[in-house]
Amino acid sequence: MRIHALPLIVIATFLAGSAQAEGEGRYRMDKTEGGFVRLDTATGEVSLCRERDGQIVCRMAADERAAFEKELDLLTKRVEALEKGGATALTDAKPALPTDEEIDRTMSIMEKMMQRFMGIVKNLEDGEEETVPGKDTIPQKT
């Protein structure tokens, strides 16, 4: 079955590119001995279709179905692991509070910043210009 599915996938991929270029719809159906082959030109998926009771019933090709089920199983396991791990992580997690040393250091930094800012404001109110450390003052022409 894999030997027959591989050429179908190659043909489907080729047809997907050409169908989009021609402006056809998303799906393309071709008649085969046992029914139809439906190609999704957007994704390249191939489905095998048969007519039953006046309706066309399609199923994924065997290789694609196996890959689909494998991916679905993997995603199911990931969701279960996240739900299991997420529930315990939420109930056991406690917020990490800063230590007294970290609070003191932060307050010290904020105090220095406020003192400098207030100094700038005072200088502006007094009409003085503050010189920036490391920056040369430009002599004014008289």
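Everything here concerns the structure above.
The present account deals with the structure reproduced in this document. Just so you know, these numbers come straight off a predicted model, no measurement behind them.

1. So, the overall build of the chain
Part 1 of the reasoning: When you go through the chain residue by residue, the secondary structure sums to 3 helices and 4 strands.
Part 2 of the reasoning: Secondary structure elements in the chain, listed N-terminal to C-terminal, are α-β-β-β-β-α-α.
Part 3 of the reasoning: Looking at the chain as a whole, 12% of its 142 residues are labelled buried.
Part 4 of the reasoning: Across the chain, the fraction of contacts at a sequence separation of at least 24, relative to all contacts at a separation of at least 6, is 16%.
Part 5 of the reasoning: Summed over all atoms, the accessible surface of the chain reaches about 12700 Å², with 58% contributed by carbon and sulfur.

2. Describing the pattern of salt bridges
Part 1 of the reasoning: Enumeration according to the criterion identifies 4 salt bridges in this entry.
Part 2 of the reasoning: Put simply, Asp-30 and Arg-28 hold a salt bridge, and the shortest N to O gap is 3.6 Å.
Part 3 of the reasoning: With relative accessibility at 24%, the residue Arg-28 sits in the partly exposed group.
Part 4 of the reasoning: Of the charged contacts, one joins Asp-73 and Lys-77 as a salt bridge, the two residues approaching to 3.5 Å between their closest N and O atoms. Note that Asp-73 and Lys-77 are positioned in helix H2 (residues 62-92) at a spacing of 4 residues, about one turn of the helix.
Part 5 of the reasoning: Classification of Asp-73 as partly exposed rests on a relative accessible area of 41%.
Part 6 of the reasoning: Judged by relative accessible area, which is 52%, Lys-77 ranks as exposed.

3. Concerning unusual backbone geometry
Part 1 of the reasoning: Of note in the backbone geometry, Asp-53 takes a positive phi value of approximately 50° without being a glycine.
Part 2 of the reasoning: Relative to the assigned elements, Asp-53 resides in the loop between strand E3 (46-52) and strand E4 (55-60).

4. Some thoughts on the pairing of strand E1 (residues 27-32)
Part 1 of the reasoning: Where E1 meets strand E2 (residues 35-40), 6 bridges bridge the pair, whose relative direction is antiparallel. Directly across from Lys-31, in E2, lies its bridge partner Phe-36.
Part 2 of the reasoning: The loop that links E1 with its antiparallel partner E2 comprises 2 residues.

5. Thoughts on the state of the cysteines
Part 1 of the reasoning: Under the criterion given, the structure shown has 1 disulfide.
Part 2 of the reasoning: The disulfide that involves Cys-49 links it to Cys-58, with 2.0 Å between the sulfurs. Judged by the sign of its S-S torsion, about 105°, the cystine formed by Cys-49 and Cys-58 is right-handed.
Part 3 of the reasoning: Using a relative accessible area of 2% as the deciding quantity, one classes Cys-49 as buried.
Part 4 of the reasoning: Classification of Cys-58 by relative accessible area gives partly exposed; the value is 28%.

6. Topic: the environment of Arg-65
Part 1 of the reasoning: Tracing the chain through its elements places Arg-65 in helix H2.
Part 2 of the reasoning: The exposure class assigned to Arg-65 is partly exposed, which follows from its relative accessible area of 38%.

7. As for the sheet that holds E4
Part 1 of the reasoning: Here we have 4 strands laid out as an open sheet, ordered E1-E2-E3-E4, and antiparallel in their pairing. Since the sheet does not close on itself, it has two edges, and those belong to E1 and E4, each with one partner. Neighbour to neighbour, the strand axes of the sheet diverge by 30° on average, direction disregarded.

8. Some thoughts on the pairing of E4
Part 1 of the reasoning: Here E3 pairs with E4 via 6 bridges, running antiparallel. Note that in E4 the partner of Arg-50 across the bridge is Val-57.
Part 2 of the reasoning: Connecting E3 to the next strand, E4, in antiparallel fashion are 2 residues, including Asp-53 with a positive phi near 50°.

So, how was this worked out
Residues numbered from 1 in each chain as written. Predicted model: local features only at pLDDT ≥ 70, side-chain atom pairs only at ≥ 80, totals over all residues. Heavy atoms only, no water. Helix = DSSP H or I, 4+ residues; strand = E, 2+ residues; numbered from the N terminus. Buried < 20%, exposed > 50% of the residue type's maximum accessible area, 1.4 Å probe, protein only. Contact = heavy atoms within 4.5 Å. Areas by Shrake-Rupley, 256 points an atom, 1.4 Å probe, with all protein chains shown as cover. Salt bridge = Lys/Arg side-chain N within 4 Å of Asp/Glu carboxyl O. Pairing = 2+ DSSP bridges. Disulfide = S-S within 2.5 Å. Axes fitted to C-alpha atoms, helices over the stretch in contact; angles between N-to-C directions.

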